[in-house]
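Okay, here's what each chain looks like letter by letter:
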Amino acid sequence: ANRPPRKGGGGGGGQGGPPSILVPVILFMALNRWNLFFAEDFGLVLSPLPMLVGFFTYKPASVFQAFRDILDEESRNDDVEWVVDPYGDEEEEEVKTA
């Protein structure tokens, strides 16, 4: 509806977090540093593929969970009716039907 514009620019990751591209970049940089400095000492060379697959499947899974939660909420609130003020001077109010 009529919401004020967001302050602080629009570069956030949806919920006030860091930009979403920053997370895989930081992980990839850490992976490269690990392979450069510590891989020989520990005998463990890391591959970027599992990290990237995990990160990019997280987002669709969170979107799916949000839709599922919305549908569950709608099915629980079948007895709730929302009444909109025709004059627009007050908030929407919840009216329980018996």
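Keep in mind it's a predicted model, so treat the numbers as computed, not measured.

### Structural notes on the overall build of the protein
Reasoning step 1: Secondary structure assignment for the protein yields three helices and two strands.
Reasoning step 2: Across the protein, helices and strands are ordered from the amino to the carboxyl terminus as α-α-α-β-β.
Reasoning step 3: Within the protein, buried positions represent 5% of all 98 residues.
Reasoning step 4: A fraction of 14% describes how many contacts in the protein between residues 6 or more apart in sequence connect residues 24 or more apart.
Reasoning step 5: Per element, the accessible surface of the protein, about 8900 Å² overall, is 61% carbon and sulfur.

### Observations regarding the environment of Val23
Reasoning step 1: As for its placement among the helices and strands, Val23 is situated in helix H1 (residues 22–37).
Reasoning step 2: The exposure class of Val23 is partly exposed, given its relative accessible area of 33%.
Reasoning step 3: As for Val23 and Phe55, which are separated by 32 residues in sequence, their C-alpha atoms are 8.6 Å apart.

### Points about a nonpolar patch on the surface
Reasoning step 1: Taken together, the side chains of Leu36, Phe37, Phe38, Phe42, Leu44 and Leu46 define a hydrophobic patch exposed on the protein surface, amounting to about 630 Å² of accessible area.
Reasoning step 2: Relative to the assigned elements, Phe42 resides in helix H2 (residues 39–42).

### Observations concerning the packing of H1 against helix H3 (residues 48–76)
Reasoning step 1: Taken N-terminus to C-terminus, the directions of H1 and H3 make an angle of 165°; their axes are 11 Å apart at the nearest point. Taken as axis vectors, H1 and H3 run roughly antiparallel relative to one another. You can see that H1 and H3 cross each other, and the crossing is right-handed. Across the interface between the two elements, Val23, Pro24, Leu27, Phe28 and Leu31 from H1 touch Pro48, Met51, Leu52 and Phe55 from H3.
Reasoning step 2: The residue makeup of the contact of H1 with H3, split by class, is nine nonpolar, no polar and no charged.

### Describing the packing of aromatic side chains
Describing an aromatic ring pair means giving the distance of the ring centres and the angle of the ring planes.
Reasoning step 1: Using the criterion set out here, one finds four aromatic pairs in the structure.
Reasoning step 2: Note on Phe37 and Phe38: the rings are 6.5 Å apart at their centroids and 65° apart in plane angle, and the pair reads as edge-to-face.
Reasoning step 3: Classification of Phe38 as partly exposed rests on a relative accessible area of 40%.
Reasoning step 4: With 5.2 Å between their ring centres and 80° between their planes, Phe55 and Phe56 make a pair best called edge-to-face.

### Details of the confidence of the model for the protein
Reasoning step 1: Confidence in the prediction for the protein averages 75 pLDDT; 59% of positions are at 70 or higher.
Reasoning step 2: Residue range residues 9–13 is modelled with pLDDT below 50. Its contacts to residues more than four positions away, or to other chains, number five contacts.

Here is what the cut-offs are and how they apply
Residues numbered from 1 in each chain as written. Predicted model: local features only at pLDDT ≥ 70, side-chain atom pairs only at ≥ 80, totals over all residues. Heavy atoms only, no water. Helix = DSSP H or I, 4+ residues; strand = E, 2+ residues; numbered from the N terminus. Buried < 20%, exposed > 50% of the residue type's maximum accessible area, 1.4 Å probe, protein only. Contact = heavy atoms within 4.5 Å. Areas by Shrake-Rupley, 256 points an atom, 1.4 Å probe, with all protein chains shown as cover. Patch = residues over 30% accessible without salt bridge, like charges linked within 9 Å, V, L, I, M, F, W, Y side chains within 5 Å. Salt bridge = Lys/Arg side-chain N within 4 Å of Asp/Glu carboxyl O. Axes fitted to C-alpha atoms, helices over the stretch in contact; angles between N-to-C directions. Parallel < 35°, antiparallel > 145°, perpendicular 65-115°, else oblique. Left-handed = near helix turned anticlockwise from the far one by under 90°. Nonpolar A, V, L, I, M, F, W, Y, C, P; charged D, E, K, R; others polar. Phe/Tyr/Trp six-rings, centres within 6.5 Å; stacked < 30°, edge-to-face > 60°. pLDDT = per-residue confidence, 0-100.

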